[in-house]
Amino acid sequence: MVTDGKIWVASKENNEHVCLIPKLANRHGIIAGATGTGKTVTLRVLAESFSDMGVPVFMADVKGDLASLADAGADSDDMKKRIERFGLSDAGFSYKAYPVTLWDIFGSKGIPLRTTISEMGPLLLSRLMELSDVQADILTVVFKIADDQNLLIYDTKDLKAVLNYIAENNKDFEAEYGKMSPQSITAIVRAVVALETAGGEAFFSEPALDLADWLATDENGRGRIQILDAQSLVSNSKMYSTFLLWLLSELFERLPEVGDLDKPKMVFFFDEAHLLFNDAPKVLLEKIEQVVKLIRSKGVGVYFCTQNPRDIPDGVLAQLGNRIQHALHAYTPADQKSVKAAADSFRVNPEFDTFETLQALGTGEAVVSFLQEDGTPGICEKVSILPPQSKLGAIDDARRGLLINGNLLYSKYAQAVDPDSAYEFLMRMGLEKEAEEEKAKAEAEEAKAAEVEAKEQEKAELAAQKQAEKETLAAQKAEEKAALAAQKAAEKQAAADARRNKQVVKSVGNSIVGTLGREAGRSALSGMGGIGRKVGANAGASIARGLFSTLFKL
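The rules behind the values
Residues numbered from 1 in each chain as written. Predicted model: local features only at pLDDT ≥ 70, side-chain atom pairs only at ≥ 80, totals over all residues. Heavy atoms only, no water. Buried < 20%, exposed > 50% of the residue type's maximum accessible area, 1.4 Å probe, protein only. Helix = DSSP H or I, 4+ residues; strand = E, 2+ residues; numbered from the N terminus. Pairing = 2+ DSSP bridges. Axes fitted to C-alpha atoms, helices over the stretch in contact; angles between N-to-C directions. Parallel < 35°, antiparallel > 145°, perpendicular 65-115°, else oblique. Contact = heavy atoms within 4.5 Å. Nonpolar A, V, L, I, M, F, W, Y, C, P; charged D, E, K, R; others polar. Expected span 1.5 Å × (residues − 1). Bend = angle between axes of the 7 residues up to and from the residue.

Engineer: Could you give me a rundown of the pairing of strand E13 (residues 381–385), with the residues and numbers involved?
Structural biologist: For E13, the buried fraction is high: four of the five residues fall into the buried class. The sheet contact formed by strand E2 (residues 6–11) and E13 spans two bridges and is antiparallel. Looking across to E13, one finds that Ala 10 is bridged to Ile 385. Pairing between strand E12 (residues 365–369) and E13: four bridges, direction antiparallel. Bridging across to E13, Glu 365 finds its partner in Ser 384.

So this is what it looks like as structure tokens:
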């Protein structure tokens, strides 16, 4: 409850109010105690009070009984006794419902809550996927390459696409970013697939949570209470804790510096806080401690809820100025040591033994120490926690459905969208590369076909040329042969003609010579009478022809 500008959390045995000062609420706090000691009721009372002051609240609902903050409480014998005991009627106590928004990473018990791979970042993502140091370093390099090449990594398929792209072009990146073994990249891809199986495929998508939607009040000026259903999520401790750390980091990075305000801008309650720190590497613990130290200047208060303060690292525990410690049990020497450490962390109250009191506290009782006006821890007090004004217990599915579907943010976040990002870009680039390769292949085939065709044409032209040359040569040979034959025929004819002419000449010559010889012989022997002339004619003809033949041969 809010009274006199302060958060009335509990009362001492003498009914003196024990209050948390709003302007010191951003100095963080812890709510601790064994199971069944009343931590959940304390969470509700604080959340209701912050909401009444107009401070938005975030709570992780591990047991499923915080959603009933949306319904007003009801009278019961126990409630009547508590109201009378604390004098709440005179203080304006009334049952009322609070402006609650239900969220669920898996989208079944609340509005789907999402973020992107890029917003999660390589450090938290490495923890979520349980990567080795070498693999975590490679993942950091992968994010760097994606930033340098404007590859937007929204979801898990984007991350796998970038990993495969880097693996395929490893040598191109090696000189600038260092060597990344294919085995390590393959191991990271397998881890991404495992993350998808665990629900990461739904969580890492768009639309991502806009934290501005959480820094809101209702129409009455009350801070809205954002409740994350973590009943299923808490079984995957890595995802649960990583999400909460991401949420805290996002607030730290996005909210401006505001210094000390009259009241926080927002308050976070992290239930099962030990899961945040289990098996966390040193670098992550340092980041958590840094964020917790510095986020108060952004006006954000962080309250860790756990069973034992020893669950919180000392560096973080030292930042938690407001402390509510419910009962602790010491069944073993180790338990006694833990209780002693918890008792020693309080400023001593001489009226009681803190160590003994912590072990004897009943349900709803606690030892508390809030920061005083000057910022110093107050003396611890044994108190009883006030009852909540909202309904205790869980709500049924029908009521949950109304709260989910009736919320204005449901229409904004209900349906996942797949924006144009690294996966689509690399797919297009791959298709373009494939098209270019196909085009180059087709051009090469065309060039090869043209080359073959040119060679065939050249071969055909060469064959035609050879054939033409052969035909020309054959024609030349035929012509030469014909000419030779003609020449031979001519020569033969000439020889025949020559022989014939010779024979004619000879015959004519013989005839002429014979005639001349005969006439000469006849004349020479004409004195011998007829016989002499006949003999002379024959002899003259023979002699003349013989001389002619001899001369003709010459």
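Let's pick the thread back up.
Engineer: Got a sec to walk through the packing of helix H4 (residues 133–148) against helix H5 (residues 156–168)? Specific residues and values, please.
Structural biologist: Running from amino to carboxyl end, H4 crosses H5 at an angle of 95 degrees, the nearest separation of the two axes being 11 Å. By the angle class used here, H4 and H5 are roughly perpendicular. Together, Leu 139, Val 142 and Ile 145 of H4 and Leu 159, Val 162, Leu 163 and Ile 166 of H5 make up the contact between the two elements. A breakdown of the residues in the contact of H4 with H5 according to their chemical character gives seven nonpolar, no polar and no charged.

Engineer: So what's going on with the environment of Leu 233? Residues and values would help.
Structural biologist: Counting through the fold element by element, Leu 233 comes out in the loop between strand E8 (225–229) and helix H8 (237–254). Accessibility expressed as a relative area gives 1% for Leu 233, which makes it buried. Distance in space between the C-alpha atoms of Leu 233 and Asp 104 is 8.6 Å, their sequence separation being 129 residues. With near-sequence residues (within four places) excluded, Leu 233 lies in contact with Ile 105, Phe 106, Leu 228, Met 239 and Tyr 240.

Engineer: Which residues make up helix H7 (residues 182–203), and what values go with them?
Structural biologist: Its 22 residues give H7 an end-to-end C-alpha distance of only 27 Å, which falls more than 12% under 32 Å, the value for a rise of 1.5 Å per residue. The sharpest bend along H7 reaches about 85 degrees and sits at Thr 197. On its buried face, H7 is in contact with helix H3 (117–128), H4, H5, helix H6 (170–177) and H8.

Engineer: Any details on unusual backbone geometry? Residues and values, ideally.
Structural biologist: In this chain, Glu 206 is followed by Pro 207 through a cis amide linkage whose omega measures 0 degrees. Within the secondary structure layout, Pro 207 lies in the loop between H7 and E8. Positive phi values are uncommon outside glycine, yet Asp 4 reaches one of about 55 degrees. With respect to the helices and strands, the residue Asp 4 is situated in the loop between strand E1 (2–3) and E2. Of the residues examined, Asp 4 reaches a relative accessible area of 76% and is grouped as exposed. You will see that Asn 15, though not glycine, has its phi angle at about 70 degrees, which is positive. Checked against the element boundaries, Asn 15 lands in the loop between E2 and strand E3 (17–20). Residue classification places Asn 15 among the partly exposed residues on the basis of a relative accessible area of 41%.

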